[in-house]
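Here is what each chain is made of, one letter per residue.
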Amino acid sequence: MLDTNHKTIFILDHTQYFSIPSENYIDLDCLKSKTFGSSSYAPALSKSLWTCSVEGAIEYSRIVWDLFPKGKLIRFVVSDTTAHIINTWSSQTQNLHYILNAMSIVGTPQTHRLSGTDNSVIHGLKAAIDSLFEPTDQQKELIKIQNGKKFQNKGRVVCLTSARDDGSMQSLEEIFRTVLMKQNELVIKQGELLPLDFCELVFINIFPRNMESFVSKKPATKISPLLSVEVHSCQAGDIPDKLTHLLLNHYDLASTTVTGIPMKEEQNANSSANYDVEILHPKSSHSVICASELLLPKSIKEGSDYETVTLKWCTPRGNGGELQPCLTMHRVTPVDVTSRPSSCLINFLLNGRSVLLEMPRQTGGKINSHLLSARGGEIFIHTLMVTRSCLEEHPAITEGEGGRVTDYRIQDFVQFAKNHKLFPLRQMNDHIRDENLLKARSKLFRHSRYFPLTTSSTIVYNLRNILDVFLQSVEKDELNENNLMQCRQLIFGIMNSAVKQEQMPNLGFRGKNNRVRDDQQQRLLWMELELLLQNSGKSPGHKALLKTLQDCRSRSGNGETSIKIEEPNGRTLLRTSTDSPQSPPHTIEVPITKHRNSFTSSNSNGQQKSLFDLFSSAEARQNQKRLDFSGRICTAPGQIAKLYPDLGSKIEPKEDNNKV
């Protein structure tokens, strides 16, 4: 979607005040004049306020158009007795050649005010508001594609003027806000133009070097739902640096200074010196580097109020710089395009050469972090991969978390990638933009919700010879009657095998015997089939197939059974036997009272029994199975039974009557 940077309007004050000199004198080296003898005459030259403001706005536009050839539009409005529209939103007028020719026709401001005329920057402010309502070519395309649906229309207005004090500046803010609110209401009622959703108004108060400004700096402040205002005040000679600083914030750019550039001297070709060149580019070229051992060397250039990253020149050997793996690539443009070091660096790169840039490590040493090279007549900065690259040394497929894994489903993943490959499609007017991309993203998300990484973590995908039709059917968006019938037949076959206790194929799951192994595989198979269906489509066919699967699972005796598990934190969780070890615990908790007889149970009446009660009752039941001690039975209650009462007594032998 288009943002605030899509529309930028520069308002240049062309009143008689801007014809005065800026008092920033230009140093000229003059030879000795024959007329004045041995003395040299160096005239004092100074640019006017108008020239300084035009140069700053032109340089701002050059940087924007160099970095963003499309989508970032800039419009110029000159204000004196009336508003002069320099260019339009058309791409044919969005270039420096057109702007410079138009500015040469406008000329310098009049030094004296004509009687009966109203020279004011207010005319330009009103014209800028009207320009924001006009749709650009990209906005017209959005209107056609979205069939009249509303989208955000935002813009930015940069006004270069001069005010006496804060009161004068505040009156300009109030005039702009009042006109904007009224015009926006009229546009909404008419419906021909685009109403404005938000506008950023930036005032830059310009004054000569030998004067003092009474306009205070004001940060960006939102004064209404549609408008935010900020005020800056600077000398005429500092306008380029001020606009460059604002440019970094407006377009999210960063500054990089290439240091140590070897360059031959003009006067002595045998000697060389090192120079520095500052370039601008999108900020992500620096922010994408996330290695903790790297330290971005930042500094503030003299005369500027923004930071720049200092990187050292490093000439690559041969074409080694062309084979570096990179993370990002962005256009660059020099800050001072007319300087000799910038010109030499640009020509060096346009001739097919590359430049490596290095930065220091925190642990010592240096590393190549960026690469400058030219492509198709444009210069780009590449952010190099400073960490280990898969292109340098391919990681072994056996390396993974938790040890060496050797059973990745590589072929299945390759087939999965082929099934979700995207192809370019011509844009059609009757389709909403990115509609096909949203469909592809939704399909990819649905099919990747359940994808086992290894063959040892799945049973379903190891039975492709049996379940291939089932797997192909559940991936479809809709299930017809034929697909539903085939899938149900497979589910019924699995249920019959489970009821008959038929042995499943050996998939590598170990157990004490084959029966235990088959039971485990049967439970895991039912669980995985249900999980696969739950993460598949939501059509009526998928829901009916899931209902059939759950019914067959309960009939086959592989329903969920509860197991009570005690955890070290002193609570008991109910977990089903079909849960995997990585499954999260259920929310049903049974608190356990901390007591010396903490292991408790309940009888049929619901009364709690301790471990001692259970042991006593078990002992009583065991004693009922045998006769009690005879001494305890014969002894009266309260008395002590004597063990072996006949021990020590004399027993007389009985006479034998049959003796002869």
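Note: the structure precedes this text.
As the structure is a computational prediction, the values presented were derived from the model and not from experiment. (Residues numbered from 1 in each chain as written. Predicted model: local features only at pLDDT ≥ 70, side-chain atom pairs only at ≥ 80, totals over all residues. Heavy atoms only, no water.)

A. Layout of the overall build of the chain. Looking only at helices and strands, the chain features 16 helices and 25 strands. Taken over 660 residues, the chain has a buried fraction of 37%. The contacts in the chain between residues at least 6 apart in sequence include a share of 67% that link residues at least 24 apart. When the accessible area of the chain is evaluated, it comes to approximately 41400 Å², of which 52% is carbon and sulfur surface. (Helix = DSSP H or I, 4+ residues; strand = E, 2+ residues; numbered from the N terminus. Buried < 20%, exposed > 50% of the residue type's maximum accessible area, 1.4 Å probe, protein only. Contact = heavy atoms within 4.5 Å. Areas by Shrake-Rupley, 256 points an atom, 1.4 Å probe, with all protein chains shown as cover.)

B. Representation of the pairing of strand β18 (residues 378–384) in the model. Of all 7 residues that make up β18, 6 are buried, and the element is covered over most of its length. The sheet contact formed by strand β14 (residues 326–331) and β18 spans 5 bridges and is antiparallel. Along β18, the bridge assignment pairs Arg331 with Phe380. Bridge count for strand β17 (residues 366–375) against β18 is 6 bridges, and the pairing is antiparallel. Bridge pairing in β18 links Ala374 to Ile379. Counting the residues in the hairpin turn of β17 and β18 gives 2 residues, including Gly376, whose phi is positive at 60°. (Pairing = 2+ DSSP bridges.)

C. How the structure looks around the pattern of salt bridges. Throughout the structure, instances matching the rule amount to 17 salt bridges. Ionic pairing is found between Lys242 and Asp305, a salt bridge with its closest N-O pair at 3.8 Å. A residue pair is termed long-range when its members are at least 10 positions apart, and Lys242 in helix α6 (residues 239–250) and Asp305 in the loop between β12 (298–300) and β13 (307–314) qualify at 63 residues. Via salt bridges that share partners, Glu59, Arg62 and Asp66 belong to a single interconnected network. (Salt bridge = Lys/Arg side-chain N within 4 Å of Asp/Glu carboxyl O.)

D. Molecular detail of the environment of Asp3. With respect to the helices, strands and loops of the structure, Asp3 is situated in the segment before β1 (7–13). In the structure, Asp3 is positioned 152 residues away from Gly155 in sequence and 7.7 Å away in space, judged by C-alpha atoms. What Asp3 contacts, discounting residues up to four positions off in sequence, is Lys72 and Lys154.

E. Looking closely at the packing of helix α12 (residues 481–499) against helix α14 (residues 540–555). Where α12 meets α14, the closest approach of the two axes is 10 Å, and the angle between their N-to-C directions is 10°. Classified by the angle their axes make, α12 and α14 are roughly parallel. For the pair α12 and α14, contact is made by Leu484, Cys487, Arg488, Ile491, Phe492 and Met495 and by Gly541, Ala544, Leu545, Thr548, Leu549, Cys552 and Arg555, respectively. When its residues are assigned to classes, the contact of α12 with α14 shows 9 nonpolar, 2 polar and 2 charged. (Axes fitted to C-alpha atoms, helices over the stretch in contact; angles between N-to-C directions. Parallel < 35°, antiparallel > 145°, perpendicular 65-115°, else oblique. Nonpolar A, V, L, I, M, F, W, Y, C, P; charged D, E, K, R; others polar.)

F. The arrangement of a nonpolar patch on the surface in detail. A cluster of nonpolar side chains, contributed by Phe629, Leu643, Tyr644 and Leu647, occupies part of the molecular surface with about 500 Å² of accessible area. By the element assignment, Leu647 lies in the segment after α16 (630–634). According to the relative accessible area criterion, Leu647 is exposed, its value standing at 71%. (Patch = residues over 30% accessible without salt bridge, like charges linked within 9 Å, V, L, I, M, F, W, Y side chains within 5 Å.)

G. Geometry of the packing of helix α11 (residues 464–474) against α12. Running from amino to carboxyl end, α11 crosses α12 at an angle of 140°, the nearest separation of the two axes being 9 Å. Taken together, the axes of α11 and α12 are oblique relative to one another. Crossing angle aside, the handedness with which α11 passes α12 is left-handed. Contact residues: α11 offers Ile466, Leu467, Val469, Phe470 and Ser473, while α12 offers Asn483, Gln486, Cys487, Leu490, Ile491 and Ile494. In terms of residue class, the contact of α11 with α12 is built from 8 nonpolar, 3 polar and no charged. (Left-handed = near helix turned anticlockwise from the far one by under 90°.)

H. Fine view of the sheet that holds strand β4 (residues 73–79). Strand order in this open sheet of 7 strands is β5-β4-β1-β6-β7-β9-β8, and the pairing throughout is mixed. Looking at which strands have only one partner, the edges of the open sheet turn out to be β5 (83–85) and β8 (218–224). Within the sheet, the average angular offset between the axes of one strand and its neighbour, ignoring direction, is 20°. Judged from the 3 bridges that link them, β4 and β5 form a sheet pairing that is antiparallel. In the strand pairing of β5, Val77 is matched with Ile85. Sheet strands in contact with α6 are β1, β6 (154–161), β7 (198–207) and β9 (227–235), and its direction is about 150° off that of β9.

I. Representation of the packing of aromatic side chains in the model. Throughout the structure, instances matching the rule amount to 9 aromatic pairs. Relative to Phe451, the ring of Phe416 lies with its centre 5.3 Å away and its plane at 50°, an arrangement referred to as tilted. Of this pair, Phe416 sits in helix α9 (residues 410–419) while Phe451 is found in the loop between α10 (435–447) and α11, placing the two residues 35 residues apart along the sequence. On the basis of relative accessible area, Phe416 is assigned to the buried category, the value being 16%. Note on Phe451: relative accessible area 22%, which makes it partly exposed. An aromatic cluster of three or more residues is present, and its members are Phe10, Tyr60, Phe68, Phe76 and Tyr251. Over the ring of Trp89 we find Arg75; its NZ or CZ atom is 5.2 Å from the centre of that ring. (Phe/Tyr/Trp six-rings, centres within 6.5 Å; stacked < 30°, edge-to-face > 60°. Lys NZ or Arg CZ within 6 Å of the ring centre and 35° of its normal.)

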